[in-house]
Structure formats: structure tokens, C-alpha cells
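# Coordinates in review
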Amino acid sequence: MMKLSFHGADREVTGSCHMLECSDRRILVDCGMFQDGRASPEENADSFEFDPSAIDYVLLTHAHLDHCGRLPLLAKRGFRGEVIATSATRELTRLVLVDAAHLQEEEAQRQGLHGRRRGEDRTPEPLYGIVDALNSLDRFGRTADYEKPLELAPGLSATFFDAGHILGSASIRIELAEGARVRSVVFSGDIGNTGQPLLRPSTPPARAEIVVMESTYGDRLHRSLGDSVEEFYEAICSTFARGGNVVIPTFALERAQEILYFLHQGVERSRLPPSVQVFLDSPMAISATEIFKRHPECLDPAVASLFRDGGDPFHLPNLHFAREMADSAAINRITGGAIIMAGSGMCTGGRIRHHLKHNLWRKESAIIFVGFAASGTIARQIIDGAKHVQLFGEQISVRSAIYTINGFSAHADQRELVAWHRGIAGCERTFLVHGEEPAMKELAGHLRGCRVEMPRPGETFDL
Ligand SMILES: [Zn+2]
């Protein structure tokens, strides 16, 4: 007997958290942060719908904050079980959680100061701090190798399969032997776009009766990668011809390395001038790029061998890393000829907001969106044609060129999602998660041979 329940990313794209109960064990798959425009700090701080101290395992599909971001909170509230992830996910998660804790401590201090100025004495507590993040990292136990089962209890095992989404990402199959019969549940995690050049492609598990699957782009088809790369180079060249800057909101662990790779290729193939100034204004993206080099097991064989031979697919003659705030602020003085990459990808926070403030109102500059933008976020407002956006309490007009290049997406499109699902034999029942409702409904119409459910938050199913 298995019981499956849903605690996040249900009919939305953030806050992934699903629970499987069987063999007297409670297993969480992901414990992510709610991050879209509607997510309030309270939503993240809400108590879990289960007792954290009763959880035996957390299996992490990948290191994006919306999949691992509430892990410190889980530990703070009593979780003492084992976290299992691939080796690359473990390294990236450390980076992501320490950064998230730091931001929350800063935010709490800032709010405390504002409160004191208003005459209030209350000092707000951060959702969690660095110490909580470090405590949750202590819960990491075994590391998972792709396609090698790990035992969770007698007759109960978990196997990680490459999901091709970001470095170390996995789909996870949990198998329960009941006598001669084996029941299995696959959690897709986020599934990668098969066109991307750096990582190995996703490999769906060959068999499973139950599938819990993401549906982010369930209603969309990406342009081909070749067309997208051309569009990217053209956008950069025409912006430079106008004398402006190119601003690219990037997720540190998602497209940053891929964008660097395409810029490198653009210079090598003379599509971009070798003098192009590129700024990676994200300490996290800089560290993630280093971690990339340490995990050849996740990389496309050609990229892995390039690293092995001392090459660097991210090399650019004028690439500048901005770790310190002062370096970041200095970029604001450049009015043209620069490519500026910074987070967050949905422009909900981070250094990107400063670069938007300095470029969004200038006709000669361009903003290039290369990732998913959830509804309600500043990125989505700009993509949807807003004439003004609010940044730092100031109204900034949108006059720069706006490009959306979705062929770079880290997520599979509808065709790839359907192909991934078709790769799994024996599926009887599919639960769609991690998608906005229209995308989910359309994808559901394309999945054949099984019952499709769209669970609501807190819903429980006996399997
Ligand atoms: Zn992801």
C-alpha cells in the first residue's frame, strides 16, 4: 500500500513538495520554496501539512530553490532524516541554500530597521538563517549515482535517472516490492530541453505504474535551438549598432552557463565581435560555473572531453566576473556595448533589478529573456508588454527592445514532455504538477493510455 500526497507546485510552478508513504517510511520528494509573484513570505513560513520530525527521507531532484528552498525550514522544525541527492546537486544545493539564508537574514534586518523607524520594537525573524541552512546540509547522507538503486527500507528502493535539466538534476523512481509484485512511482523532477548543448539528455526510467510529472511548458513548443541562437546573435548585434546594452536576466543555475557557451561560440564563429564585453554579475553563477567543471559525469561527452583536455567552453576574451557589490554598481556606468547577465531570472529580486533600472527606459538597450517567467513577476509584466514597471519604489518606463528567446529554456516543451512520458512503459496513472492550469490541461490531452490527475494542494491518493 502506498499513499501519495501533494504539498506544493500543485497547479502552479513553484514550491515543489510531494510525499510518498509506504513500508512505514515517509519520503518527501523535494521541499521547495514558493517563489512566484503571488508567493508571500507567509506562504513559505506556513507550517508544513505534515510533521517534519516524522519524515525519514528527502530525495532531491535538483538544486533549484523552488525544489530545495524550504529544506532549512524543515530541519529547523524537526526533520532528522536523511537527504539523498546526486553529488552535483549536493554541491549546488549548498550554494543555493547558503545564499537564500543570507538574503533572508538581510531582508529581516532591513524590515527590522524600517519597523524601528516607524517606532515599532519588533525584530522580524528570517524564514531561516545561515545556521539553519548549515544544519540542513548536515542531513545530507548518501549520494546517488544515476541508475544505481539505493535501499530505503527492506523491499523499498530509490533510483535516480538523469533529467537533463540542470547539472545533477534527476527524475527519481521509488520501487516497492510486495511479494512477487513490484509497484513503482516516478517523480519526473524538472525535465530538460533535449536541444541544450552542455548536459546529457534526460533518460526516462523504462517502467513505472505511477508517474508524477512536471508540466511547465505543457502548452508550448520551443523554437529550434539553431533559430534561437541566431535570433540571440541578431538581437545583440542590432542593440550594439544602436549603442545600447544587452541585459539578460538569468537564473544562476539554469541558463547562465549555456549563455556563456553560446557567446563563446558566437565569438569563435565571428558572429559576435571578439571585443564584446560580457559581465556575469552573479556570485552564485560564478561559483556554479566552477562546480560545472567538477562534474563530467553530468556533461555532454564532447564538453566533458573539452574540459579534460584543458579547454574551456565558457572562455571569452572580455568576460568579467562581478562578485562584489562595488563591481556590480560599476557596471551601471556603462551605457553601451556590454552584455550584462544577472539574477534573478524572473526579476523578482537580485542585482538584475539595478540593471533594469538603468537600461529599461533607454530605447537603444535591449532586455533578452531566456527562461520561464511565472505570472505576476516583473519579467512576465515586461514580456506581456507593460509600459511601466515598479523598481525600488520608482516607476520605470519600458522603452528598450524586449526579446523572448524560449529555445534556450531549461524545460522540455510539450513535444518533449510527451516523448518523455511515452518512454515509460506500464504507466497506469499520471499526476501532473509544476505547471499553471492551462498548460496542465493541454498536456493532459496529449498523454495516452493512462488516467491523468491534476492534484490540488494537500490532496492525498491511495495507490
Ligand atoms: Zn528546475
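As shown above, the structure is provided for reference.
Reading guide: rules and limits
- Residues numbered from 1 in each chain as written.
- Predicted model: local features only at pLDDT ≥ 70, side-chain atom pairs only at ≥ 80, totals over all residues.
- Heavy atoms only, no water.
- Helix = DSSP H or I, 4+ residues; strand = E, 2+ residues; numbered from the N terminus.
- Rg over C-alpha atoms; globule rule 2.2 N^0.38 Å.
- Buried < 20%, exposed > 50% of the residue type's maximum accessible area, 1.4 Å probe, protein only.
- Contact = heavy atoms within 4.5 Å.
- Lys, Arg positive; Asp, Glu negative; His and termini not counted.
- Charge placed at Lys NZ, Arg CZ, Asp CG, Glu CD.
- 1 Å grid on protein atoms, 1.4 Å probe; cavity = no way out; pocket = protein on both sides within 12 Å on 5 of 7 lines; lining within 4 Å.
- Points joined across faces, edges and corners; volume = space filled by probe spheres on them.
- Nonpolar A, V, L, I, M, F, W, Y, C, P; charged D, E, K, R; others polar.
- Donors = N, O, S within 2.8 Å, 3.2 Å for Na, K, Ca; no water.
- Tetrahedral: all angles 85-135°; square planar, octahedral: opposite > 155°, others 65-115°.
- Pairing = 2+ DSSP bridges.
- Axes fitted to C-alpha atoms, helices over the stretch in contact; angles between N-to-C directions.
- Parallel < 35°, antiparallel > 145°, perpendicular 65-115°, else oblique.
- Salt bridge = Lys/Arg side-chain N within 4 Å of Asp/Glu carboxyl O.
- Expected span 1.5 Å × (residues − 1).

### Points about the overall build of the protein
The secondary structure content of the protein amounts to 14 helices and 22 strands. For a compact globule of 463 residues, the expected C-alpha radius of gyration is about 23 Å, and the protein comes in at 22 Å, within 12% of that figure. Taken along its principal axes, the extent of the C-alpha atoms in the protein is 70 × 60 × 45 Å. Going through the 463 residues of the protein one by one, you find that 58% of them count as buried. Of the contacts made within the protein by residues no fewer than 6 positions apart, 75% connect residues no fewer than 24 positions apart. Taking the 50 positively charged and 61 negatively charged side chains of the protein as two groups, their mean positions are separated by 2 Å.

### Examining the layout of surface pockets
Size it by volume and the second largest pocket reaches roughly 200 Å³. Surrounding the second largest pocket, H7, G8, E12, F34, E43, D46, S47, F48, E49, F50, R70 and P457 form its lining. Residues belonging to the lining of the second largest pocket are distributed by class as follows: four nonpolar, three polar and five charged.

### Quick notes on empty space enclosed by the protein
Think of a ball as big as a water molecule: rolled over the atoms, this probe shows where empty space is left. With the rule as written, the count across this model stands at three cavities of 30 Å³ or more. Within this model, the second largest cavity holds a volume of roughly 80 Å³. Together, 15 residues line the second largest cavity, and H18, D30, S188, G189 and V433 are the ones closest to its centre. It is strand β11 (residues 210–214) that provides the largest number of residues to the lining of the second largest cavity, a total of three residues. Of the residues belonging to the lining of the second largest cavity, the class tally is five nonpolar, seven polar and three charged.

### Points about the coordination of the zinc ion
The protein atoms that coordinate the zinc ion are H62 (NE2), H64 (ND1), H165 (NE2) and D190 (OD), at distances of 2.2 to 2.3 Å. Of note is the zinc ion, whose four donor atoms meet at the metal with angles of 93 to 165° in an arrangement that counts as irregular. In the primary sequence, the donor residues of the zinc ion line up as H-x1-H-x100-H-x24-D. With H62 in the loop between β4 (57–59) and α2 (65–68) and H165 in the loop between β8 (156–162) and β9 (170–178), this residue pair connects regions lying 103 residues apart in the sequence. The class for H165 is buried, based on a relative accessible area of 0%.

### Here's the deal with the sheet that holds strand β21 (residues 451–453)
With mixed pairing, the seven strands of this open sheet are ordered in space as β7-β8-β9-β10-β11-β20-β21. The open sheet has two edge strands with one neighbour each: β7 (150–153) and β21. On average, each strand axis in the sheet is inclined to that of its neighbour by 20°, with strand direction left out of account. For β8 and β9, the ladder comprises seven bridges, and the chain directions are antiparallel. Among the inter-strand pairings, S157 is bridged to a residue of β9, identified as E175. Lying on the sheet, helix α13 (residues 414–422) is in contact with β9, β10 (181–187), β11 and β20 (429–433); it crosses β11 at an angle near 165°. Running over the sheet, helix α14 (residues 437–444) touches β11, β20 and β21 and is turned about 160° from β20.

### Concerning the packing of helix α4 (residues 87–117) against helix α8 (residues 283–293)
Helix packing for two helices is described by the angle between their axes and how far apart those axes are. α8 packs onto α4 with a crossing angle of 170° between their chain directions and a minimal axis gap of 10 Å. On the basis of their axis angle, the class for α4 and α8 is roughly antiparallel. For the pair α4 and α8, contact is made by E91, L92, L95, V96 and D99 and by M284, S287, A288 and I291, respectively. For the contact of α4 with α8, the per-class residue count stands at six nonpolar, one polar and two charged.

### Considering the pattern of salt bridges
Across all of its chains, the model carries 27 salt bridges by this definition. Among the ionic pairs, D281 bridges to R351, the shortest N-O distance being 2.5 Å. On the criterion of sequence distance, the pair formed by D281 in strand β13 (residues 277–281) and R351 in the loop between β15 (338–342) and α11 (352–359) is long-range, its members being 70 residues apart. D281 sits in the buried class, given a relative accessible area of 1%. By relative accessible area, which is 13% here, R351 ends up buried. Of the charged contacts in the structure, one is a salt bridge between D312 and K293, with a shortest N-O distance of 3.5 Å. Highlighted residues: D312 in the loop between α9 (301–308) and β14 (319–321) and K293 in helix α8, separated in sequence by 19 residues.

### What about helix α7 (residues 256–268)?
Spanning 13 residues, α7 covers 18 Å between terminal C-alpha atoms, matching the ideal 18 Å at 1.5 Å per step. Among the 13 residues that make up α7, 12 are buried, leaving the element largely enclosed by the rest of the structure. All buried positions along α7 are accounted for by A256, Q257, E258, I259, L260, Y261, F262, L263, H264, Q265, G266 and V267. Looking at the packing, one finds that the buried side of α7 touches α6 (225–242), β12 (246–249), β13, α8, β14 and β15. Note on α7: the residue one or two positions beyond its end, S270, has a positive phi of about 60°.

### Description of the pairing of β13
The element β13 is largely enclosed, with a buried count of four among its five residues. Summarising the sheet, β13 and β15 pair through five bridges and their orientation is parallel. In the sheet register, D281 faces β15, and the bridge partner there is A342.

Everything listed here is a matter of coordinates, which is why it stays silent on function.
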